[in-house]
Amino acid sequence: DTAITVIGAGLAGSEAALAAATLGVRVRLLEMRPVKMTPAHRTGNFAELVCSTSLGGEGEMQAKGLLQAELRSVGGAIVGAADGSRVPAGNALAVDRDEFSARVTRAVREHPLIEVVEGEVEAVPEGIVVIATGPLTADALAADVARLTGSERLSFYDAAAPVIAAESINLDVAWRAGRYDQSADYINCPFNKEEYLRFFEALEQARSHTPHDWEKLEFFEGCMPIEEIARRGVDTPRFGPMSPKGLDDPRTGRWPYAVAQLRQEDREGRMWSLVGFQTGLKWGDQKAVVNLIPGLENAEIVRYGVMHRNTYLNAPEVLDSTLQLRADPTKFVAGVLAGTEGYLESAATGWLAGTNAARLALGLAPLTPPTESMLGGLVRYLASANPKGFQPMNVNWALVPELPAELNPKTGKPRKLGKREKRPVMFRRGLNAFLGWAGQEAGLTVTPPAVPQHEADAL
Ligand code: FAD
């Protein structure tokens, strides 16, 4: 029987179902909404956009632009519905959310090979299955996925701390050191009692502004937000992540009253994150609170902290670049659950999972798109990233190989290309590789897409 099951009719699942059906494979699509809603969805429509209405920047300067072009070339349903419902938004592919979801819903419901079954799925069924239940996968199914993969491979939260630009840290106040005799890997911001109390009060104030909306977080001790730690008492932060123990302030020779530590995020040391400061505070409040940390009076926050429910697998430990579970290759995973972040990335992995699930049903080998393509780069990353602290990934240019060094004909030395020169070349290289792969290796009908010409970066 050449039938597959897709669980979840979100961004990834809708695309997966349509991709498989296009290959002539019958699809049973299981969706729990509207019978059971998630904390973020509001309708029973397929591919509902739960927050912004943008599928990312367009054109040949943009990593998302390349992924959009790849999906257009193979008739991707999500990007097609977006093109059909777009609204003007500068250089971004933004849509009318109702029109967009209505188009996807219609395409799915009208497809003769897709049968939609309403209701919550509690266990992964037998046979060839694409699991695409997203960041808010219902609990029973999450437990069953954890059983398939090992529970330590399934995360339920993204808990991130603010990241600060190194050049904005005041090193006349903060200093480099490790606790006791450990190597000096941290930047330490010292508080006296008065400064600490002022900081604590601002944190308390800010917490009272934090909306208690759909998330209903159950905090794990390891990723408790700083505002929740503070809720336990005025001294709790300084006996926890803000402990001054083993940190002699070079200006006093003594341990301060409390310390905020920063840890290096990138290899060059241009970005530092506040250790133990996961936070769900509003961005304005985050900035005000961070600026009360001595040494961070003028800190520039390059990435704000987030705390949100996000169900995702530790992809590098469980997935192949074909999006098959290593433990059971008849099971495919796509979307946020597969360790991607973003509407477009979810659709793209949905397309690949649906295509590969259909291939498996047809007795063909599942495939991985070429390295130079954005989709190929993304799924290879998922399968091969460092599993330690793995967090869901957006597409970006670092996922595809650098261009080979070009020699300056005059000096014979490698010529360094700026991003404005490089990206259009990487874009064409990626799109050509994808078109060749899709047309030949995957045997699909491909249409080279028109590429909007935009210079500036867009969100
Ligand atoms: P979804 O689109 O959520 O689809 C999963 C589907 O599975 C849903 O329809 C759900 O009802 C169904 N389902 C779940 N469990 C079951 C079950 N047991 N049985 C049957 N059906 C089930 N990304 C952006 O690019 N821009 C944003 O602005 C953005 N905002 C976000 C805001 C929030 C609150 C969240 C949680 C995520 C946001 N994301 C955003 C991230 C991500 O891109 C989206 O969540 C995206 O919808 C993920 O696609 P998906 O297909 O993986 O999951």
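This text follows the structure it describes.
Bear in mind the structure is a predicted one, so any value in this text is a computation, not a measurement.

The rules behind the values
- Residues numbered from 1 in each chain as written.
- Predicted model: local features only at pLDDT ≥ 70, side-chain atom pairs only at ≥ 80, totals over all residues.
- Heavy atoms only, no water.
- Helix = DSSP H or I, 4+ residues; strand = E, 2+ residues; numbered from the N terminus.
- Rg over C-alpha atoms; globule rule 2.2 N^0.38 Å.
- Buried < 20%, exposed > 50% of the residue type's maximum accessible area, 1.4 Å probe, protein only.
- Contact = heavy atoms within 4.5 Å.
- Areas by Shrake-Rupley, 256 points an atom, 1.4 Å probe, with all protein chains shown as cover.
- Lys, Arg positive; Asp, Glu negative; His and termini not counted.
- Charge placed at Lys NZ, Arg CZ, Asp CG, Glu CD.
- Pairing = 2+ DSSP bridges.
- Core = buried A, V, L, I, M, F, W, Y, C linked by side-chain atoms within 4.5 Å.
- Salt bridge = Lys/Arg side-chain N within 4 Å of Asp/Glu carboxyl O.
- Expected span 1.5 Å × (residues − 1).
- Near = heavy atom within 4 Å.
- Polar contact = N/O pair within 3.5 Å; in protein donor to acceptor, adjacent residues only side chain to side chain.
- Nonpolar A, V, L, I, M, F, W, Y, C, P; charged D, E, K, R; others polar.
- Phe/Tyr/Trp six-rings, centres within 6.5 Å; stacked < 30°, edge-to-face > 60°.
- Lys NZ or Arg CZ within 6 Å of the ring centre and 35° of its normal.

Trainee: With reference to specific residues and values, describe the overall build of the chain.
Mentor: Within the chain one finds 13 helices and 19 strands. Scaling as 2.2 N^0.38, a compact globule of 459 residues should have a C-alpha radius of gyration of about 23 Å, and the chain matches this with 24 Å. By principal-axis analysis of the C-alpha atoms, the chain measures approximately 75 × 65 × 45 Å. Of all 459 residues assigned to the chain, the portion counted as buried reaches 53%. Within the chain, residue pairs in contact and separated by at least 24 positions form 68% of the contacts whose partners lie at least 6 positions apart. Of the accessible surface of the chain, which amounts to about 20700 Å², a share of 51% is contributed by carbon and sulfur atoms. Taking the 48 positively charged and 56 negatively charged side chains of the chain as two groups, their mean positions are separated by 3 Å.

Trainee: Account for the sheet that holds strand S7 (residues 129-131), with residues named and values stated.
Mentor: The six strands are arranged S6-S2-S1-S7-S17-S16 in an open sheet whose pairing can be described as mixed. Whereas interior strands pair on both sides, the edge strands pair on one side only; in this sheet they are strand S6 (114-118) and strand S16 (324-325). In this structure, strand S1 (residues 3-7) lies alongside S7, joined through three bridges in parallel fashion. Bridged to Thr-5 within S7 is Val-129.

Trainee: Can you tell me about the nonpolar core, naming the residues and giving the values?
Mentor: Within the largest apolar cluster, 94 residues are counted, with the highest numbers of intra-cluster contacts made by Ile-4, Phe-100, Val-130 and Trp-351. Ranked by residue count, the leading element in this core is helix H11 (residues 343-361), at ten residues. Setting aside residues up to four positions removed in sequence, Ile-4 forms contacts with Ala-20, Val-25, Arg-26, Val-27, Arg-28, Ile-128, Ala-357 and Ala-361.

Trainee: Residues and numbers for the environment of Arg-231, please.
Mentor: Mapped onto the secondary structure, Arg-231 falls in helix H7 (residues 226-231). Residues Arg-231 and Gly-76, spaced 155 residues apart in sequence, show a C-alpha to C-alpha distance of 48 Å.

Trainee: Could you give an account of the pattern of salt bridges, naming the residues involved and the relevant values?
Mentor: Tallying each qualifying case throughout the model produces 23 salt bridges. The partner of Glu-204 in a salt bridge is Arg-207, and the shortest N-O contact between them spans 2.9 Å. Of this pair, Glu-204 and Arg-207 are both found in helix H6 (residues 193-209), three residues apart, which corresponds to roughly one turn of the helix. For Glu-204, a relative accessible area of 27% gives the class partly exposed. Overall, Arg-207 belongs to the buried group, its relative accessible area being 15%. Salt-bridge contacts for Asp-235 lead to Arg-238; the nearest nitrogen and oxygen are separated by 3.0 Å.

Trainee: Any details on helix H1 (residues 11-22)? Residues and values, ideally.
Mentor: The first and last C-alpha atoms of H1 sit 17 Å apart over twelve residues, in line with the 16 Å expected at 1.5 Å per residue. Buried residues of H1: Leu-11, Ala-12, Gly-13, Ser-14, Glu-15, Ala-16, Ala-17, Leu-18, Ala-19, Ala-20 and Ala-21, and no others. Once H1 ends, the next one or two residues include Gly-24, with phi positive near 85°.

Trainee: I'd like a rundown of the site of the ligand, residues and numbers included.
Mentor: Around the ligand sit 29 residues, and of these Ala-12, Glu-31, Arg-33, Gly-342 and Tyr-343 come closest. Here a nitrogen atom of the ligand sits 3.2 Å away from a polar atom, N or O, in the main chain of Ala-138. Here the ligand, which alone exposes 970 Å², has 92% of that area covered by the protein. Contributions of two or more residues to the shell around the ligand are made by H1 and H11. Class assignment for the residues of the shell around the ligand results in 13 nonpolar, twelve polar and four charged.

Trainee: Please set out the packing of aromatic side chains residue by residue, giving values where relevant.
Mentor: Pairs of aromatic rings are described using the distance from one ring centre to the other and the angle between the two planes. Counted under the stated rule, the structure contains nine aromatic pairs. Centroid distance Phe-434 to Trp-437: 5.4 Å. Interplanar angle 45°. Geometry classified as tilted. Taken together, the residues span about one helical turn, with Phe-434 and Trp-437 both in helix H13 (residues 419-441) at a distance of three residues. Summarising the burial analysis for this pair, Phe-434 and Trp-437 share the class buried. Among the aromatic residues, those joined into a cluster by ring pairs are Phe-191, Tyr-196, Phe-199, Tyr-257 and Phe-277. We note Arg-238 situated over the ring of Phe-239; from NZ or CZ to the ring centre the distance is 5.1 Å. The ring of Tyr-257 is capped by Arg-238, whose NZ or CZ atom sits 3.9 Å from the centre of that ring.

Trainee: How would you summarise the side chain of Glu-227 if you had to cite specific residues and measurements?
Mentor: Within the element layout of this structure, Glu-227 appears in helix H7. Aside from chain neighbours lying at most four places away, what touches Glu-227 is Leu-203, Arg-207, Gln-278, Thr-279, Gly-280 and Leu-281.

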